[in-house]
2 protein chains.
Amino acid sequence: MSNPIEFYFDFSSPYAYFAALRIDELVAGFGREVAWKPTLLGVIMKTTGNTPLAAQPVKSEYCAKDWERLGRFMEVPWKLPDPFPIATQAAARAFYWLDDRDPTGARLFAKSAFATYFGEGRDISAPETVADIAAGLGVDGDELLSALADDEVKQRLRDEVAAAMEAGVCGSPYFIVDGEPFWGSDRLWMIKRWLKSGGW
Amino acid sequence: MSNPIEFYFDFSSPYAYFAALRIDELVAGFGREVAWKPTLLGVIMKTTGNTPLAAQPVKSEYCAKDWERLGRFMEVPWKLPDPFPIATQAAARAFYWLDDRDPTGARLFAKSAFATYFGEGRDISAPETVADIAAGLGVDGDELLSALADDEVKQRLRDEVAAAMEAGVCGSPYFIVDGEPFWGSDRLWMIKRWLKSGGW
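Residues numbered from 1 in each chain as written. Chains lettered and ligands numbered in written order. Predicted model: local features only at pLDDT ≥ 70, side-chain atom pairs only at ≥ 80, totals over all residues. Heavy atoms only, no water.

**Observations regarding the overall build of chain A**
Across its full length, chain A holds 10 helices and 4 strands. Ordered by position from N to C terminus, the α and β elements of chain A give β-α-α-β-α-α-α-α-α-α-α-β-β-α. Computed over C-alpha atoms, the radius of gyration of chain A comes to 16 Å, within 12% of the 16 Å expected from 2.2 N^0.38 for 200 residues, which places it in the range of a compact globule. Dimensions of chain A along its principal axes, counting C-alpha atoms only, are 50 × 40 × 35 Å. Relative to its 200 residues, chain A shows a buried fraction of 55%. Intrachain contacts of chain A at a sequence separation of at least 6 include 71% that bridge at least 24 residues. When the accessible surface of chain A is split by element, carbon and sulfur atoms take 51% of a total near 8,900 Å². (Helix = DSSP H or I, 4+ residues; strand = E, 2+ residues; numbered from the N terminus. Rg over C-alpha atoms; globule rule 2.2 N^0.38 Å. Buried < 20%, exposed > 50% of the residue type's maximum accessible area, 1.4 Å probe, protein only. Contact = heavy atoms within 4.5 Å. Areas by Shrake-Rupley, 256 points an atom, 1.4 Å probe, with all protein chains shown as cover.)

Next comes the structure, spelled out in structure tokens:
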């Protein structure tokens, strides 16, 4: 993949879910591809000084309404999961482990994980659930389950989170296109404009 | 004005500036009007637990880029002012004082204040500057200047900020349409969709 659109996201981010439903198709129209890069928003927020949504009750209530409306206006499944948010280490580790073996399969796994959590509202924090989702795509669930406990696999995710912070990622979804950052599912129109005009 | 679109904003909010350039025209197409309601984001943020942008260096840097790009993509003037952000009590008090006398003039004043601060990059925090901007629209600058120091005018703004918080306003720009909240200049498409479909 040469010069891909970098798509940083946390599996527990509703706005990333909405962006994930659109980004591949959007950039394909310009002959470009997307490098999906799950990261851990909680770790990033500690560094950037942003306040987690859960600590902002007024904003939380607004966002719940906004997500429901986005699902309705975009005509896509939406269910605010309970619990929300969740730890997404297992899903993110699974993604990178799959990505090294089968990039197309890894992308399908990511879409399936998002659909399970935000489409059906099912908790995907447990390694067993993550392995089940992957097994539904033909992956050996037991092999994945033991990989999720592997130190090298854990370190890989730490490295990816560090690289995301190094790249300036401060939220989810966060895109980098030709070195230019775009933050939020509401910036897809700007990415389109950027690709259409060659950056102007 | 019956059942107006409520437009809450802080004169020091770049995203409100961009929204202010579009909102009147957008809703006029649906036979609706906008009630402009300047508020004080600093006071609101203390209550909602949000972190001011200035305390988030990574986000600040991203936003500066995003604003410049919005100006370019929307083909409107943009200049990141110095100082930024500023106290906007004077501009907000002037707005409500004018609004009681001449609502159309108050709206023109608000647009002129935004254009001065974000279009030209000129500090509008001083009462004298605010009076100058109003004088450019035919308002008696000295009369406005003494009004800005009036306790009743100050109380009016406090009441408006309290009413905004009561209405759930947690950012800028923040719109309420038929009781439904929309937060951000990037939600104008949803307001349009709402008006077009009658809320569905």
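**Quick word on the pairing of strand E4 (residues 180-183) of chain A**
Strand residues, when the strand is regular, have side chains that alternate between the two faces of the sheet. Neither face of E4 of chain A is open: one carries Glu 180 and Phe 182 of chain A, the other Pro 181 and Trp 183 of chain A, and all of them are buried. Where strand E3 (residues 174-177) of chain A hands over to E4 of chain A, the hairpin turn is made up of 2 residues, of which Asp 178 of chain A adopts a positive phi near 50°. (Pairing = 2+ DSSP bridges.)

**Observations regarding the packing of aromatic side chains**
Residue and element names in this part refer to chain B. By the definition in use, this model includes 52 aromatic pairs over all chains. Measuring from centroid to centroid gives 5.9 Å for Phe 182 and Trp 194, while their planes differ by 75°, and the two rings are edge-to-face. Here the residue Phe 182 occupies a position in strand E4 (residues 180-183), and Trp 194 occupies one in helix H10 (residues 188-197), the gap between them amounting to 12 residues. The class for Trp 194 is buried, based on a relative accessible area of 9%. (Phe/Tyr/Trp six-rings, centres within 6.5 Å; stacked < 30°, edge-to-face > 60°.)

**Some details on H10 of chain B**
The α-helix winds at 3.6 residues per turn, so residues separated by three or four positions along the chain end up facing the same way. Taken together, the buried positions of H10 of chain B are Leu 188, Met 190, Ile 191, Trp 194 and Leu 195 of chain B. Viewed along the axis of H10 of chain B, the buried residues span an arc of 160°, placing them on a single side of the element. In this structure, the buried residues of H10 of chain B make contact with helix H4 (57-74) of chain A together with strand E1 (5-9), helix H1 (14-20), helix H2 (23-28), strand E3 (174-177) and E4 of chain B. One or two residues past the end of H10 of chain B sits Gly 198 of chain B, with phi positive at roughly 65°. (Arc of directions from axis to C-beta.)

**Quick notes on the interface of chain B and chain A**
Contact with chain B, which involves 32 residues of that partner, is made by 32 residues of chain A. A combined buried area of about 3,100 Å² lies between chain B and chain A, and 59% of that area is made up of carbon and sulfur atoms. Among the residues of chain B in contact with chain A, Tyr 62, Arg 72 and Phe 73 of chain B are the three that bury the most area, contributing 22% of the side total. Linking chain B with chain A are 6 salt bridges. Here Arg 69 of chain B makes a salt bridge to Glu 180 of chain A, at a shortest N to O gap of 3.0 Å. Linking chain B with chain A are 14 residue pairs in polar contact (both at pLDDT 80 or more). If you list the elements that add at least two residues to the side of chain B that touches chain A, you get helix H4 (57-74), E4 and H10 of chain B. At 10 residues, H4 of chain B tops the list of elements feeding residues into the side of chain B that touches chain A. Of the residues belonging to the side of chain B that touches chain A, the class tally is 16 nonpolar, 7 polar and 9 charged. (Buried area = accessible area lost by both parts, 1.4 Å probe. Salt bridge = Lys/Arg side-chain N within 4 Å of Asp/Glu carboxyl O. Polar contact = N/O pair within 3.5 Å; in protein donor to acceptor, adjacent residues only side chain to side chain. Nonpolar A, V, L, I, M, F, W, Y, C, P; charged D, E, K, R; others polar.)

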